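The primary structure of each chain is shown beneath.
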Amino acid sequence: MRAWERRQFLKTMAGALAMGCSGCTAVAARRTEARVVVVGGGYGGATAAKYLRRFDPNLDVRLVTPRNSLYACPGSNEVIAGSRALAELSVDLAPLEQDYGVRQVRDWAVGIDPARRLVRLLGGGTLAYDRLVLSPGVEMRWDALEGYDEKAAQILPHAWLAGEQTLLLRRQLEAMPDGGLVVMSVPANPYRCPPGPYERACLIARYLQRSKPRSKLLILDAKTQFTKQALFTRAWERLYPGLIEWLPYTKTGAVERVDVAGRAAVTEFETFRADVLNVIPPQHAGALARDAGLSDASGWCPVNGNDFSSSLAP
């Protein structure tokens, strides 16, 4: 990377979701090490922390995450389809400290005080910052679908966060008899990873084709079109003919209710009973970001496209 690119990268990363006040730059300039707190040790937060230290070792970068490792969501659809083991998706966070000098704080961030530039921790402590990067991930909207909540997800998995949910959906597919029906409910935009449900459809269809060829996958979509639609539908027709049926909002309406006991998705017009029901519910930004005033009426956090800084907080 050329010098001017590195300078621009650092400028961009330091501004990402920054919540400091106007005098913050001057304070950082007087200190030997500018303090950057990164909240969230998933892909976004861990990557930001790593590259901030990589390009400027003088930064004091602290990563707030309660876990020593994470399961990567990319690749989880392959686990569902039996092509990979969940252990292959495990990412150890220890090298961030060992190799890059990122100081890891094993705790939950529970609040932000932007006036004092402090992050409050569940354990009772606080972390001061000059710049703050928030990467708290997404959360399921448990109030969005009647009958579908955290308890229901233990029976009818969403598998939208890698880990036990991934394995639960995989086990249900393995237990389904040949000739069974898999139903997937897909929410309206926005949600994390827009192509994800359709990639999942491909991989489940591949599993069915090899292991349960008389089975079928039905997609109940709250949208009338989806990202990369032409590519996906061509692949479905060529690789998995007759295995996947996509029903857009205009044909069935959106899923409004989930019947857990009956293993059924209920739309405005029909009830679809399944042998395996994968409900991907509507989502919104993590509670920490919403509580900090960084989300709008949609529940998501609008950002400036050139540097990912919040457009609602300075």
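Everything discussed here concerns the structure shown above.
Thresholds, definitions, all that
Residues numbered from 1 in each chain as written. Predicted model: local features only at pLDDT ≥ 70, side-chain atom pairs only at ≥ 80, totals over all residues. Heavy atoms only, no water. Phe/Tyr/Trp six-rings, centres within 6.5 Å; stacked < 30°, edge-to-face > 60°. Helix = DSSP H or I, 4+ residues; strand = E, 2+ residues; numbered from the N terminus. Buried < 20%, exposed > 50% of the residue type's maximum accessible area, 1.4 Å probe, protein only. Pairing = 2+ DSSP bridges. Right-handed = clockwise from strand over helix to strand, strands pointing away. Salt bridge = Lys/Arg side-chain N within 4 Å of Asp/Glu carboxyl O.

Let's talk about the packing of aromatic side chains
Stage number 1. One pass over the full model with this rule turns up 9 aromatic pairs.
Stage number 2. Ring geometry for Y198 versus F232: centroids 6.0 Å apart, planes at 50 degrees, classification tilted. Here Y198, found in helix α8 (residues 196-211), pairs with F232, found in helix α9 (residues 229-239); they are 34 residues apart in sequence, far enough to count as distant.
Stage number 3. By relative accessible area, F232 is classed as buried at 13%.

Considering the pairing of strand β1 (residues 35-39)
Stage number 1. Most of β1 is tucked away: 4 of the 5 residues are buried.
Stage number 2. Relative to strand β2 (residues 60-64), β1 runs parallel, the two being bridged by 5 bridges. Paired with V37 across the two strands is R62, which belongs to β2.
Stage number 3. With helix α3 (residues 43-55) bridging β1 and its parallel neighbour β2, the resulting β-α-β unit is right-handed.

A few points about the pattern of salt bridges
Two side chains carrying opposite charge are able to pair once their charged atoms lie near each other.
Stage number 1. Taken as a whole and judged by the stated rule, the model has 14 salt bridges.
Stage number 2. Between R141 and D143 there is a salt bridge whose closest N-O contact spans 3.9 Å.
Stage number 3. Exposure remark for D143: the relative accessible area of 65% places this residue in the exposed category.
Stage number 4. Through salt bridges that share partners, D60, R62 and R103 make up one connected network.

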